[in-house]
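Commentary on secondary and tertiary structure
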Amino acid sequence: MPLYLGLDSSTQSLTAMLLEIADFGKADPGGTRNRAVIFEHAIPFDTELPHYGTEHGVLPNEDPSVAVSPPLMWAEALDRMFEAIVASGLDLSRLAAIGGAAQQHGSVYMNARATDILAGLIPSRPLAEQLRVVATGDEDTAESVLSRRVSPIWMDSSTSAECREITDAIGGADRLAQLTGSRAFERFTGPQIRKFYKRDPTGWEATDRVHMVSSFMASLLIGGHAPLDPGDASGMNLMDLHTRDWSEEALDATAPDLAAKLPAIVPSSTIVGELAPYWQQRFGLPPAKIVAWSGDNPCSLVGTGLIREGQIAVSLGTSDTLFGLMHEPRVDRTGTGHVFGSPTGDYMGLTCFLNGSLARQRIRDEHELDWDGFSEALRATPAGNGGALMFPWFEPEITPEVRTSGVRRIDLDAGETARNVRAVVEAQMMALANHSRWMGVDIDVIHATGGAAVNGDILQIMADVFGAEVRRFEVGNSACLGAALRACHADVTTDGRDLSWEEVVRGIAEPTDDSAIMPQPSDVETYARLRRRYAKLEPLAISGCSG
Ligand code: XUL
């Protein structure tokens, strides 16, 4: 049985997952017996690589809008990960292919020396030591393989000026969204590149290649510059969503000579190389195929089994996120949702709501409940809450854009415990449903993940508001699992064999069969009406908050 390795280079850690998968379509056609996760390991950066001085994977900075991380930390973690994988004692001669997921939007700036150093990595010396930066005084100008010592990551919000400049040059936010899948966002790579070029023209000139975290990690594995996949490249405000290639117009609006400094964009299932001699000799590994790395969200799409239109995932975490596959690259005219490439060759829509568990917990705490009490309150109140409505913007909200926080209540007194509990959950579910309509997808199944997905009463409201079946989906690390499954898919299909995505995810990235929560028709009708009312009142609530 071949082994497939998935890696996930996220903000706070590097994670690995090894899958053992029998030849598809052979011994057990469509069966699930022959696939298993046989190894999982995580390397948290702060505790295992403390010499980089990160906090939650990010370098402390006095400017709260700046979030940067050291790329060499990610490289050193990769070396350590292979040490751990080898120490597992597993028979790694069976390692067929490796796939990767990475935090989206982050960028790594490499100089012209990188090409030779990557190609000639010496197996007896640690990787990071060979890439090591010798700072030259200016914190952003450095020697060795990096032209910028640090990488700005997705948590950085210091590029508002650049977002405006790029938007103006392209002719407005809507036009940029139509072109690249998203309006300009501070964390997106294009505005970040522009900021570097403006602030450090010498460093920019010394930059030979701008990688994203995904293609940087893949480059380390193959010992050469790896291309990008459309899933991650669509998080840059630089890729033409329709051609899946660089948009000359967007590049021109961002920085001079950018075209020459960017990797190529290749289909997600491309084998971009094989494990470099460095890894083979240092760890006794075979020349495993390396599939193009992608962003963590596109990989999670596969890792949560979302391989057909109509299935979406809703992750109920600190913030709530909704994503799903789309055949067409439709974009959100309101400017809050994103469209990324999907590893299946389709597209994916993603919308993030900041006031998720945050808001649920605030109501729970204000009314001195525990989660059981919260559920009881949901059960004690009817669908539609007798007309009571809440706009639960405890913090400034991303979707819809609400700049000044403030909770709005209609026909609802802040002191009413049970009705406030129902109001917060109904509001969140209606906002999720209303603000995902731009995807143009007829949603029939929702895979619910995240902490609050354990609560069946919340999921029942989700089913009724969406009019869709909800299935609980327990994910350990869906991005990592998705990366391993992508490796498997690419390995099989590159040999010219057929392998459907349905077969790839079957039995391993699927919800448990007994967990379906069905919508109740009469409540679906109630919510269809209420959703329209909610949508109509929302702009008024927003102006109420800012006024
Ligand atoms: C997506 C985003 C985050 C990062 C987290 O747009 O910024 O989800 O990908 O790693």
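See the structure shown above.
Small disclaimer: the values here were computed from a predicted structure and weren't measured. (Residues numbered from 1 in each chain as written. Predicted model: local features only at pLDDT ≥ 70, side-chain atom pairs only at ≥ 80, totals over all residues. Heavy atoms only, no water.)

Thoughts on the overall build of the chain
Along its length, the chain carries 21 helices and 22 strands. In summary, the chain has a C-alpha radius of gyration of 24 Å against a globular reference of 24 Å for 547 residues, a match within 12%. Along the three orthogonal principal directions, the C-alpha set of the chain runs to about 70 × 60 × 40 Å. Across the 547 residues that make up the chain, the buried fraction comes to 61%. For the chain, the share of sequence-separated contacts (at least 6 apart) that also reach a separation of at least 24 residues comes to 73%. With an accessible surface of roughly 20,200 Å², the chain has 48% of that area assigned to carbon and sulfur atoms. (Helix = DSSP H or I, 4+ residues; strand = E, 2+ residues; numbered from the N terminus. Rg over C-alpha atoms; globule rule 2.2 N^0.38 Å. Buried < 20%, exposed > 50% of the residue type's maximum accessible area, 1.4 Å probe, protein only. Contact = heavy atoms within 4.5 Å. Areas by Shrake-Rupley, 256 points an atom, 1.4 Å probe, with all protein chains shown as cover.)

Focus on the packing of helix α5 (residues 160–170) against helix α7 (residues 189–199)
Running from N to C, α5 and α7 cross one another at 105°; their axes reach a closest spacing of 9 Å. Comparing their axes, α7 and α5 come out roughly perpendicular. Seen from α5, the contacting residues are A161, E162, C163, E165 and I166; seen from α7, they are G190, P191, R194, K195 and K198. Taken together, the residues of the contact of α5 with α7 break down into four nonpolar, one polar and five charged. (Axes fitted to C-alpha atoms, helices over the stretch in contact; angles between N-to-C directions. Parallel < 35°, antiparallel > 145°, perpendicular 65-115°, else oblique. Nonpolar A, V, L, I, M, F, W, Y, C, P; charged D, E, K, R; others polar.)

Quick word on the pattern of salt bridges
Where charged atoms from two side chains of opposite charge approach closely, those side chains can pair. Under the criterion given, the structure shown has 24 salt bridges. Here D208 ties to R209 by a salt bridge, and the two come within 4.0 Å at their closest N and O atoms. The partner of R360 in a salt bridge is D320, and the shortest N-O contact between them spans 2.9 Å. One end of the pair, R360, is in helix α15 (residues 357–366); the other, D320, is in strand β15 (residues 320–326), and 40 residues separate them in sequence. Across the pair, exposure class does not vary: R360 and D320 are buried alike. Each member of the salt-bridge network shares a partner with another, and the members are E162, E165, R194 and K198. (Salt bridge = Lys/Arg side-chain N within 4 Å of Asp/Glu carboxyl O.)

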